[in-house]
Amino acid sequence: MTKTIELDVGGMTCAACVGRVERGLKKVDGVLGASVNLATERASVTFDPAVTGPEALIARVQDTGYEARTAETELSVQGMTCAACVGRVERALNKVDGVLGASVNLATERASVRYLPGSVTVGQLKAAVRDAGYEVLDSGAGLDRSDLEREARQKEIAELRRAVTFSAVFAVPLLLLAMVPMLYMPAHMWLMDRVSQGTLNWIMLLLAAPVQFGPGRRFYRLGWAAMKHRSPDMNSLVMIGTSAAFFYSLLVTLAPGLFPDGTAHVYYEASAVVITLILLGKYFEAIAKGRSSEAMKKLLSLQAKTARVVRGGQELELPADEVLIGDLISVRPGEKIPVDGEVISGASFVDESMITGEPIPVAKQTGAPVVGGTINQNGAFQFRATKVGADTALAQIIKLVETAQGSKPPIQGLADKVVAVFVPVVLVIAALTFLIWMLFGGPQAMSFALVNMVAVLIIACPCAMGLATPTSIMVGTGKAAELGVLFRSGAALEGLQGVQVVAVDKTGTLTKGKPELTDLITAGRFDRTEVLHLVAAAEEQSEHPIARAIVDAARREGLNLPTPEHFEAVPGFGLEARVDGRLVQVGADRYMTKLGLNVEAFAAQAERLGDEGKSPLYAAVDGQLAGIIAVADPIKDGSPEAVQALHRMGLKVAMITGDNARTAQAIARQLGIDEVLAEVLPSGKSESVTALQAKGQKVAFVGDGINDAPALAQADVGLAIGTGTDVAVETADVILMSGDLRGVPNAVALSRTTLSNIRFNLFWAFAYNIVLIPVAAGLLYPAFGWLLSPVLAAAAMGLSSVFVLSNALRLRGFRPPVPAARPAPSAPLTPRPA
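Because the structure is predicted, anything quoted here is derived from the model rather than measured. (Residues numbered from 1 in each chain as written. Predicted model: local features only at pLDDT ≥ 70, side-chain atom pairs only at ≥ 80, totals over all residues. Heavy atoms only, no water.)

Quick word on the overall build of the protein
A count of helical and extended segments in the protein gives 29 helices and 29 strands. Within the protein, the fraction of its 834 residues that count as buried is 53%. Intrachain contacts of the protein at a sequence separation of at least 6 include 68% that bridge at least 24 residues. As displayed, the protein has an accessible area near 35,900 Å², and 58% of this comes from carbon and sulfur atoms. (Helix = DSSP H or I, 4+ residues; strand = E, 2+ residues; numbered from the N terminus. Buried < 20%, exposed > 50% of the residue type's maximum accessible area, 1.4 Å probe, protein only. Contact = heavy atoms within 4.5 Å. Areas by Shrake-Rupley, 256 points an atom, 1.4 Å probe, with all protein chains shown as cover.)

Looking at the UniProt feature "transmembrane region" (unreviewed entry) in the protein
When the UniProt feature table is mapped to this numbering, "transmembrane region" (unreviewed entry) covers residues 163-187, 199-216, 237-259, 265-284, 418-440, 446-469, 762-781 and 787-805. Taken end to end, residues 446-469 is 88% helix and 0% strand, and its first and last C-alpha atoms sit 40 Å apart. Helix makes up 84% of residues 787-805 and strand 0%, with an end-to-end C-alpha separation of 28 Å. (UniProt positions renumbered as here; feature names shortened; annotations may be inferred.)

A look at helix 22 (residues 603-611)
Taken residue by residue, helix 22 has Ala 606, Leu 609 and Gly 610 as its buried positions. Buried residues of helix 22 fall within an arc of 100° about the axis and therefore sit on the same side. In this structure, helix 22 carries Ala 604 and Glu 607 as exposed residues pointing more than 90 degrees from its buried face. For helix 22, the secondary structure elements touched by its buried residues are strand 19 (516-522), strand 23 (615-621), strand 24 (624-632) and helix 24 (661-671). (Arc of directions from axis to C-beta.)

Digging into the sheet that holds strand 7 (residues 110-115)
Spatially, 6-7-5-8 is the arrangement adopted by the four strands of the open sheet, whose pairing is antiparallel. Of all strands in the sheet, those bounded by a partner on one side alone are strand 6 (99-105) and strand 8 (135-137). Sheet twist, expressed as the mean angle between neighbouring strand axes with direction ignored, is 35°. Direction of pairing for strand 5 (residues 71-78) relative to strand 8: antiparallel, over a ladder of three bridges. Within strand 8, the residue paired with Val 77 across the bridge is Val 136. Its contacts with the sheet put helix 3 (residues 83-94) on strand 5, strand 6 and strand 7, and the angle it makes with strand 6 is roughly 165°. (Pairing = 2+ DSSP bridges. Axes fitted to C-alpha atoms, helices over the stretch in contact; angles between N-to-C directions.)

Notes on the sheet that holds strand 1 (residues 3-10)
Pairing within the open sheet is antiparallel, and its four strands lie in the order 2-3-1-4. With partners counted over all chains shown, the strands left at the sheet margins are strand 2 (31-37) and strand 4 (67-69), one partner each. Strand-to-strand twist across the sheet, computed as the mean angle between neighbouring axes with direction ignored, equals 35°. Of the pairings in the sheet, the one linking strand 1 to strand 4 comprises three bridges and is antiparallel in character.

A few points about a nonpolar patch on the surface
There is a patch of nonpolar side chains on the surface, built from Val 428, Leu 432, Leu 435, Ile 436, Leu 439 and Phe 440 and spanning about 630 Å² of accessible area. As for its position among the elements, Leu 435 is in helix 14 (residues 412-440). (Patch = residues over 30% accessible without salt bridge, like charges linked within 9 Å, V, L, I, M, F, W, Y side chains within 5 Å. Salt bridge = Lys/Arg side-chain N within 4 Å of Asp/Glu carboxyl O.)

Section: the side chain of Gln 212
Among the structural elements, Gln 212 can be located in helix 7 (residues 197-213). In terms of polar contacts, Gln 212 uses its side chain to reach the side chain of Thr 242, at 3.4 Å. Residues in contact with Gln 212, not counting those within four places in the same chain, are Arg 217, Tyr 220, Thr 242, Ser 243, Phe 246, Ser 271 and Ile 275. (Polar contact = N/O pair within 3.5 Å; in protein donor to acceptor, adjacent residues only side chain to side chain.)

With respect to the pattern of salt bridges
Considering all chains together, one arrives at 20 salt bridges under this definition. Between Lys 364 and Glu 352 there is a salt bridge; the shortest N-O distance is 2.9 Å. Separated by 12 residues along the polypeptide, Lys 364 in strand 13 (residues 362-364) and Glu 352 in the loop between strand 12 (340-351) and helix 12 (353-356) bring together distant segments of the chain. Like Lys 364, the residue Glu 352 is buried in the burial classification. Where Arg 742 meets Glu 641, a salt bridge forms, and the shortest distance between an N and an O atom there is 3.0 Å. Taken together, the positions of Arg 742 in the loop between strand 29 (734-736) and helix 27 (743-777) and Glu 641 in helix 23 (residues 639-648) put the pair 101 residues apart, joining distant regions of the chain. Salt bridges sharing partners connect three or more residues here, namely Arg 308, Glu 315, Arg 332 and Glu 335.

Side note on the nonpolar core
Membership of the largest hydrophobic core comes to 142 residues, with the highest contact counts inside it found for Met 80, Leu 93, Leu 125, Phe 487, Leu 496 and Leu 719. Per element, the largest residue contribution to this core is 15 residues, and it comes from helix 27. Ranked by size, the runner-up nonpolar core spans 30 residues in total, among them Ala 393, Leu 400, Val 699 and Ile 735. (Core = buried A, V, L, I, M, F, W, Y, C linked by side-chain atoms within 4.5 Å.)

A word on unusual backbone geometry
With phi around 50°, Asp 580 is a residue other than glycine that occupies positive phi space. By the element assignment, Asp 580 lies in the loop between strand 21 (574-579) and strand 22 (582-587).

Some points on the packing of aromatic side chains
Under the defined criterion, the tally for this structure stands at 17 aromatic pairs. Judged by centre distance (5.3 Å) and plane angle (90°), the ring pair of Phe 213 and Phe 246 falls under edge-to-face. Taken as a pair, Phe 213 in helix 7 and Phe 246 in helix 9 (residues 234-254) lie far apart in primary sequence, 33 residues in all. Judged by relative accessible area, which is 2%, Phe 246 ranks as buried. Members of the aromatic cluster, joined through ring pairs, are Phe 213, Tyr 220, Phe 246, Phe 247 and Tyr 268. (Phe/Tyr/Trp six-rings, centres within 6.5 Å; stacked < 30°, edge-to-face > 60°.)

Describing the pairing of strand 23
Successive side chains on a regular strand alternate, one facing one side of the sheet and the next facing the other. Strand 23 sits mainly inside the fold: five of its seven residues count as buried. Summarising the sheet, strand 22 and strand 23 pair through four bridges and their orientation is antiparallel. Bridging across to strand 23, Val 584 finds its partner in Val 621. Of the strand pairs in this sheet, strand 23 and strand 24 are connected by seven bridges, and their pairing is antiparallel. Residue pairing across strands places Leu 617 opposite Ile 629, the latter belonging to strand 24. Hairpin connection from strand 23 to strand 24: two residues lie between these consecutive antiparallel strands, with Asp 622 at a positive phi of about 55°.

Here's what the structure looks like:
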């Protein structure tokens with residue numbers, strides 16, 4: 001048994017490349033033949049699937065220095081009802097030659113497929129899903145994905161509503177006809193005086209048949225397809241259970257003489273009411289599933305449909321997906337920004353809350369970046385498109401959220417293992433239930449055996465198990481996106497709740513990452529403004545971060561800075577310049593000592609500044625000590641709140657920094673940080689994380705996502721603090737879009753809440769089946785005389801799924817422990833017309 005697949009190979013330039021790829025592929029164990037075509041850039045490989053597989057072939061092509069191209073697609077799968085359906089679709093897709101992996105999510109009803117584009121097409125993938133008994137949603141003209149999926153959801157809900165209504169019209173009178181005489185003897189006597197039992201059976205048959213073969217037909221279609229593929233599911237259980245009740249009753253109606261006296265009972269109400277109640281449960285489930293994807297709907301709705309593009313001096317309203325990089329786009333008040341770009345002219349405030357989680361509109365003027373999907377407020381401007389289509393920040397965010405929602409966290413592994421054998425085990429239990437009651441049920445053995453077998457089949461539907469994890473992940477990651485937190489996967493969401501230490505990079509994370517002038521204390525007769533004016537003018541020639549901080553402070557105070565008449569750097573000490581005819585010298589204490597100036601007058605201030613983690617400098621004017629200056633990287637506004645919140649959650653906080661120990665300890669004291677790893681080189685941050693892990697602790701590392709990539713990768717969970725426009729941080733597990741450290745405790749709290757929600761869902765789903773299957777089988781009848789009616793079993797099964805979904809939806813009400821807030825702009829911007 002061999003297989004042949006086609007690999008798309010990139011990077012080949014000549015016949016030597018062809019030979020190298022062919023030789024490399026032929027060396028793989030199990031490969032029987034390989035032929036490479038340079039013109040088509042394809043390799044045809046024949047191999048034994050029992051020995052090797054496509055992944056090994058891809059790895060070998062990469063090992064030889066070339067690229068084996070793969071593709072990914074997502075299919076909207078309709079008709080899945082439980083975890084067994086998920087398994088069947090996954091198996092059907094994975095059986096297609098050229099498919100490298102398939103993952104199906106019941107809550108989102110989406111299948112993510114990674115495949116070899118040279119071996120399989122999307123059409124073949126759709127065909128495999130349809131052959132498995134399900135439908136694939138095709139894109140229609142003029143509809144985007146959000147419109148398409150909304151229409152499909154509404155169509156499903158409408159179909160279920162019609163099916164429930166139709167079934168109820170027949171099932172309710174049937175239930176009354178069967179149950180009221182049993183519960184109220186006068187009603188039974190009145191009915192028997194007017195119609196015979198045989199006539200009554202025919203009336204109930206006429207009421208039950210439209211339900212069994214009308215709305216109930218869906219269970220036959222889906223259940224039989226599952227049985228054919230040897231993977232019975234919920235539909236199979238309902239099909240077998242209701243068919244047993246209906247056809248047994250039909251036989252009693254047609255040939256009552258075949259049964260001993262007193263045993264010819266009919267159970268039409270069981271089959272019809274069970275179908276009605278299961279459909280009702282599916283109806284409520286469909287409504288709840290629609291609500292669970294609310295956050296994703298909001299993200300998709302942010303995408304602008306059109307853009308006002310300026311081309312050839314004219315404004316053209318084009319579909320947003322036709323915008324090109326470099327296009328000039330006009331935005332009016334209240335409009336949605338279509339793509340990412342940079343403001344060229346005009347000014348306004350833009351609401352970026354859905355991208356960053358920050359509530360306060362951000363000022364935009366020439367040179368400022370704008371993000372597609374955000375909403376312009378009260379001004380007008382034009383901007384140049386810099387990112388379009390899948391490269392925009394919003395598209396990346398949507399992709400990350402979809403990936404996280406479609407992924408399976410480790411906690412799902414247990415549910416998957418159980419579900420894989422659950423339905424076959426239930427069929428065995430149902431068969432044993434029937435057999436045992438037939439042997440030991442006495443005169444009513446057939447009735448007991450039938451009713452209890454049907455109850456077992458109905459109560460055991462694994463819908464709740466299949467929905468327990470994905471719905472919580474779906475709602476939790478969607479809520480996180482609303483708060484400006486992006487989880488890359490379900491594993492990241494689960495991993496974060498278990499961390500014990502949060503290690504934080506200092507520069508740009510705890511602090512602003514940009515030095516600022518914090519103190520300027522003058523000596524004697526010197527005026528503060530005068531000293532700042534002279535020092536800033538001298539420092540303007542320097543590109544040193546400390547110099548830039550002093551210059552920026554002077555400009556913020558509106559000082560005019562003249563060009564120095566003379567400037568000279570004094571290596572290792574400081575600088576000397578002549579400004580407005582005056583000699584200005586700036587540097588450390590050793591420079592002042594070299595100049596013969598005594599800095600003892602500022603000893604107390606210097607010690608205080610050092611303890612606060614600030615770097616003191618001295619200024620001399622015309623040979624006299626003029627003042628002491630302190631520059632520091634200020635702590636971000638939200639950092640103290642974030643550290644306090646992490647402590648309240650029982651977590652330790654460690655700081656990793658390249659600063660000297662004294663400065664690092666000063667910042668740690670201000671913030672209440674538990675552990676400090678100071679004087680760490682940029683390349684040593686990952687070793688610092690390893691050192692924390694060596695103490696037996698799970699460590700989350702928080703950094704900027706670029707310089708901290710090794711440490712982010714080393715940590716048990718890496719959190720990248722960035723901005724809404726920088727979301728493609730490959731090494732981070734979690735991305736905090738607002739750049740605010742307060743997102744860390746919010747992410748941890750949401751992770752804990754979501755995992756707690758999942759555990760409760762799984763407990764309910766498993767406990768429900770463990771407790772009620774024995775009850776349905778009649779285990780309590782000998783001791784208490786209790787039997788579970790198939791009707792009650794159907795109601796309980798439907799309620800279990802609705803319960804799990806409703807519990808997951810509670811995550812939409814999650815409140816972050818530390819609400820992030822950005823201060824209003826210090827200098828109000830007055831928008832002007834574009």
